[in-house]
Amino acid sequence: MTELVVRELRGLEILDSRGRPTVLARCVLASGASGRASVPSGASRGAAEAHELRDGDPRRHRGLGCQRAAAHVGTTIADAVVGRAFAGQAAFDAALLALDGSSSLTYLGANATLAASLAFARAAAAAARQPLYAYAAGLVAAPHTPRLPRPMINLFSGGKHAGGQVPIQDLLIVPQADSMAAILEQATAVFHCAAERCATRYGMRLLTADEGGLAPPFPALEAMFDDAGEAIVRAGLRPGRDVRLAIDVAASHFATADGYVLRDAPLTSRQLIDQLARWAADYALASIEDGLAEDDWEHWPALCTQLGDRLVVIGDDLLCTNPGRIARARDARAANGLLLKVNQIGTLSQALHARQMAAGAGWQLVISARSGETEDDWLADLAVGWAGDQIKVGSVTQSERLAKYNRLLELEAFDGLCLMR
Ligand code: PGA
Ligand code: ZN
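Residues numbered from 1 in each chain as written. Chains lettered and ligands numbered in written order. Predicted model: local features only at pLDDT ≥ 70, side-chain atom pairs only at ≥ 80, totals over all residues. Heavy atoms only, no water.

Let's talk about the overall build of the chain
Reasoning step 1: Across its full length, the chain holds twelve helices and 15 strands.
Reasoning step 2: Whereas a compact globule of 421 residues would reach a radius of gyration of roughly 22 Å, the chain reaches 21 Å, a difference of no more than 12%.
Reasoning step 3: When burial is assessed residue by residue, the chain has 60% of its 421 residues classed as buried.
Reasoning step 4: Partitioning the intrachain contacts of the chain with sequence separation of at least 6 by distance along the chain shows that 70% fall at a separation of at least 24. (Helix = DSSP H or I, 4+ residues; strand = E, 2+ residues; numbered from the N terminus. Rg over C-alpha atoms; globule rule 2.2 N^0.38 Å. Buried < 20%, exposed > 50% of the residue type's maximum accessible area, 1.4 Å probe, protein only. Contact = heavy atoms within 4.5 Å.)

Focus on the sheet that holds strand β1 (residues 4–15)
The strands that make up a sheet are held in pairs by hydrogen bonds between backbone atoms, and each pair lies either parallel or antiparallel.
Reasoning step 1: Across the sheet, four strands lie side by side as β3-β2-β1-β4; this open sheet has antiparallel pairing. The sheet is open, and its two edges are formed by β3 (34–38) and β4 (85–86), each paired on a single side. (Pairing = 2+ DSSP bridges.)

Observations concerning the coordination of the zinc ion (ligand 2)
Reasoning step 1: Surrounding the zinc ion (ligand 2) are the protein donor atoms Asp248 (OD), Glu289 (OE) and Asp316 (OD), which sit 2.1 to 2.2 Å from the metal.
Reasoning step 2: Read in sequence order, the donor residues for the zinc ion (ligand 2) give the motif D-x40-E-x26-D. Of this pair, Glu289 sits in strand β11 (residues 287–289) while Asp316 sits in the loop between β12 (312–315) and α9 (323–332), and the two are 27 residues apart along the sequence.
Reasoning step 3: Under the relative-accessibility criterion, Glu289 is labelled buried at 1%.
Reasoning step 4: Of the residues examined, Asp316 reaches a relative accessible area of 2% and is grouped as buried. (Donors = N, O, S within 2.8 Å, 3.2 Å for Na, K, Ca; no water.)

Points about the sheet that holds strand β9 (residues 259–262)
Reasoning step 1: Pairing is antiparallel across the open sheet formed by three strands, whose spatial order is β8-β9-β10. Whereas interior strands pair on both sides, the edge strands pair on one side only; in this sheet they are β8 (255–256) and β10 (265–267).
Reasoning step 2: Sheet strands touched by helix α7 (residues 269–283): β9 and β10. Its angle to β9, the strand with the most contacts, is close to 45 degrees. (Axes fitted to C-alpha atoms, helices over the stretch in contact; angles between N-to-C directions.)

Here's the deal with the site of ligand 1
Reasoning step 1: By nearness alone, 15 residues border ligand 1, and Ala43, His161, Arg370, Ser371 and Lys392 come closest of all.
Reasoning step 2: Within the side chain of His161, an N or O atom sits 2.7 Å from an oxygen atom of ligand 1.
Reasoning step 3: A distance of 2.5 Å separates an oxygen atom of ligand 1 from a polar atom in the side chain of Ser371.
Reasoning step 4: If ligand 1 stood free it would expose 280 Å²; the protein chains cover 100% of that surface.
Reasoning step 5: Within the shell around ligand 1, the residues separate by chemical class into two nonpolar, five polar and eight charged.
Reasoning step 6: Of the domains in this structure, domain 1 (4–129) and domain 2 (150–414) are the two that each give at least three residues to the shell around ligand 1. (Near = heavy atom within 4 Å. Polar contact = N/O pair within 3.5 Å; in protein donor to acceptor, adjacent residues only side chain to side chain. Areas by Shrake-Rupley, 256 points an atom, 1.4 Å probe, with all protein chains shown as cover. Nonpolar A, V, L, I, M, F, W, Y, C, P; charged D, E, K, R; others polar. Domains from an automatic or database assignment.)

Section: the packing of aromatic side chains
Reasoning step 1: Counted under the stated rule, the structure contains eight aromatic pairs.
Reasoning step 2: Aromatic side chains Phe225 and Tyr283 sit 4.4 Å apart centroid to centroid with 5 degrees between the ring planes, which places their arrangement in the stacked category. Separated by 58 residues along the polypeptide, Phe225 in helix α6 (residues 221–234) and Tyr283 in helix α7 bring together distant segments of the chain. In this structure, Phe225 and Tyr283 share a single accessibility class: buried.
Reasoning step 3: An aromatic cluster is present here, built from Phe86, Phe92 and Phe120 joined pairwise through their rings. (Phe/Tyr/Trp six-rings, centres within 6.5 Å; stacked < 30°, edge-to-face > 60°.)

Quick word on unusual backbone geometry
Reasoning step 1: Positive phi is not limited to glycine here, since Arg62 has a value of about 50 degrees.
Reasoning step 2: In this fold, Arg62 is placed in the loop between β3 and α1 (67–81).
Reasoning step 3: Among the residues examined, Arg62 registers a relative accessible area of 80% and is labelled exposed.
Reasoning step 4: Positive phi, normally seen in glycine, also occurs at Thr321, with a value near 50 degrees.
Reasoning step 5: In this structure, Thr321 sits in the loop between β12 and α9.

Quick notes on the packing of helix α4 (residues 132–139) against helix α11 (residues 378–385)
Reasoning step 1: Interhelical geometry of α4 versus α11 gives an angle of 45 degrees and a closest axis separation of 7 Å. Accordingly, the angle class assigned to the pair α4 and α11 is oblique. In this structure, the crossing between α4 and α11 has a hand that is right-handed. Taken together, the residues of α11 that come into contact with α4 (itself represented by Leu132, Tyr133, Ala136 and Ala137) are Trp378, Asp381, Leu382, Val384 and Gly385.
Reasoning step 2: Its residues assigned to classes, the contact of α4 with α11 shows seven nonpolar, one polar and one charged. (Parallel < 35°, antiparallel > 145°, perpendicular 65-115°, else oblique. Left-handed = near helix turned anticlockwise from the far one by under 90°.)

Observations regarding the domain arrangement of the chain
Reasoning step 1: Per the domain assignment, the segments making up the chain are domain 1 (4–129) and domain 2 (150–414).
Reasoning step 2: Relative placement of domain 1 and domain 2: their C-alpha centres are 27 Å apart.
Reasoning step 3: Between domain 1 and domain 2, the residue contacts involve 34 residues of the former and 30 residues of the latter.
Reasoning step 4: With both sides pooled, the region where domain 1 packs onto domain 2 buries about 2500 Å², and carbon together with sulfur makes up 52% of that total.
Reasoning step 5: Between the two partners, domain 1 and domain 2, sit four salt bridges.
Reasoning step 6: For Asp377, the salt bridge identified is with Arg122, shortest N-O distance 3.1 Å.
Reasoning step 7: Linking domain 1 to domain 2 there are 21 residue pairs in polar contact (both at pLDDT 80 or more).
Reasoning step 8: Mapped onto the side of domain 1 that touches domain 2, the elements with two or more residues apiece are β3, α2 (89–100) and α3 (110–127).
Reasoning step 9: Here the side of domain 1 that touches domain 2 gets seven residues from one element, more than from any other, and that element is α3. (Buried area = accessible area lost by both parts, 1.4 Å probe. Salt bridge = Lys/Arg side-chain N within 4 Å of Asp/Glu carboxyl O.)

What follows is the structure, encoded as structure tokens:
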């Protein structure tokens with residue numbers, strides 16, 4: 001493999017889909033090949049995520065500025081990598097980790113390291129004259145075929161993404177069609193039927209949440225499921241057959257010191273599991289993400305034992321794309337699916353390690369965006385190259401979401417990639 005010499009690395013504070021700052025990096029190699037990438041940002045964050053560096057200056061962007069993180073890319077990191085030759089992505093990312101020296105990137109900021117890591121990846125892919133998905137596939141040691149992931153698409157939002165009008169964060173639809181084009185056609189049909197239903201039932205216009213999902217004031221949690229089922233029927237599709245439902249409970253955000261409070265009702269972990277089991281049965285759920293809180297390690301195995309053979313028990317806040325937490329969950333049989341968010345861990349190589357662990361455990365792999373996104377579409381290539389079973393990007397509105405879906409459409413139509421059933 002030819003060594004990649006970094007000629008230039010720059011960082012810039014840009015804005016994300018919530019109008020908050022984030023970081024973009026540009027990397028130019030000595031060969032002239034270059035790449036740029038920007039990083040997303042979460043709102044419903046796990047406590048164990050790598051550190052997102054914010055300026056904390058209340059005079060700019062309410063303290064959320066990313067000038068220091070951008071400067072870390074363009075000065076601290078650039079000083080350490082410009083002029084150096086790297087054997088590949090692993091060597092470049094190792095240099096970032098060595099430079100930071102902490103386990104959660106508290107010095108440089110995961111937003112700085114991820115921007116640099118992804119910009120280097122894009123430059124390295126360009127140097128190899130490869131599309132990013134092929135470069136990403138080449139990083140995975142075991143041979144595998146890049147393939148299109150099945151999207152789980154946000155229909156209704158609640159929790160931290162929608163002002164908390166319902167405690168469940170996402171109700172998602174999972175169209176079962178066998179092409180990306182058909183899946184997105186069905187998803188938009190369901191979305192528009194759901195929007196019409198919200199307008200008549202709740203007098204709501206198309207007000208959407210952070211990820212573009214509809215966020216009506218559901219009178220009861222079951223109404224959210226029933227409205228989704230009704231929208232699927234109105235779109236001419238069969239709930240549970242053509243289109244399945246899934247939820248991201250994001251239970252950490254309604255956990256209390258001694259249990260949970262779901263719409264004013266106090267619940268023990270056991271009672272919450274029973275509630276989830278009822279929904280799983282009544283609505284044929286395909287997956288449940290963060291059904292329990294991120295520190296409720298004691299009860300996750302019971303959730304997984306009770307539901308894991310019928311649906312995918314996904315850990316997001318629980319796992320934080322962190323190999324140590326994934327190992328703990330694997331050994332405790334606490335989950336059977338990983339929600340992989342690269343910025344939870346801070347470099348592409350560490351995220352790859354998390355992916356490998358999930359694959360080794362036989363888990364489902366869901367490659368996920370964040371609620372604060374940019375128009376960058378690298379996530380689609382990553383999901384394809386790393387053979388994600390699913391991709392979670394948000395709704396079928398808003399261009400920061402559609403950038404990813406449209407890239408998947410392009411890869412299906414022009415690059416001949418297929419969905420695996
Ligand atoms: P976040 O939420 O990006 O706001 O953390 C996404 C999720 O919980 O899946
Ligand atoms: Zn989540």
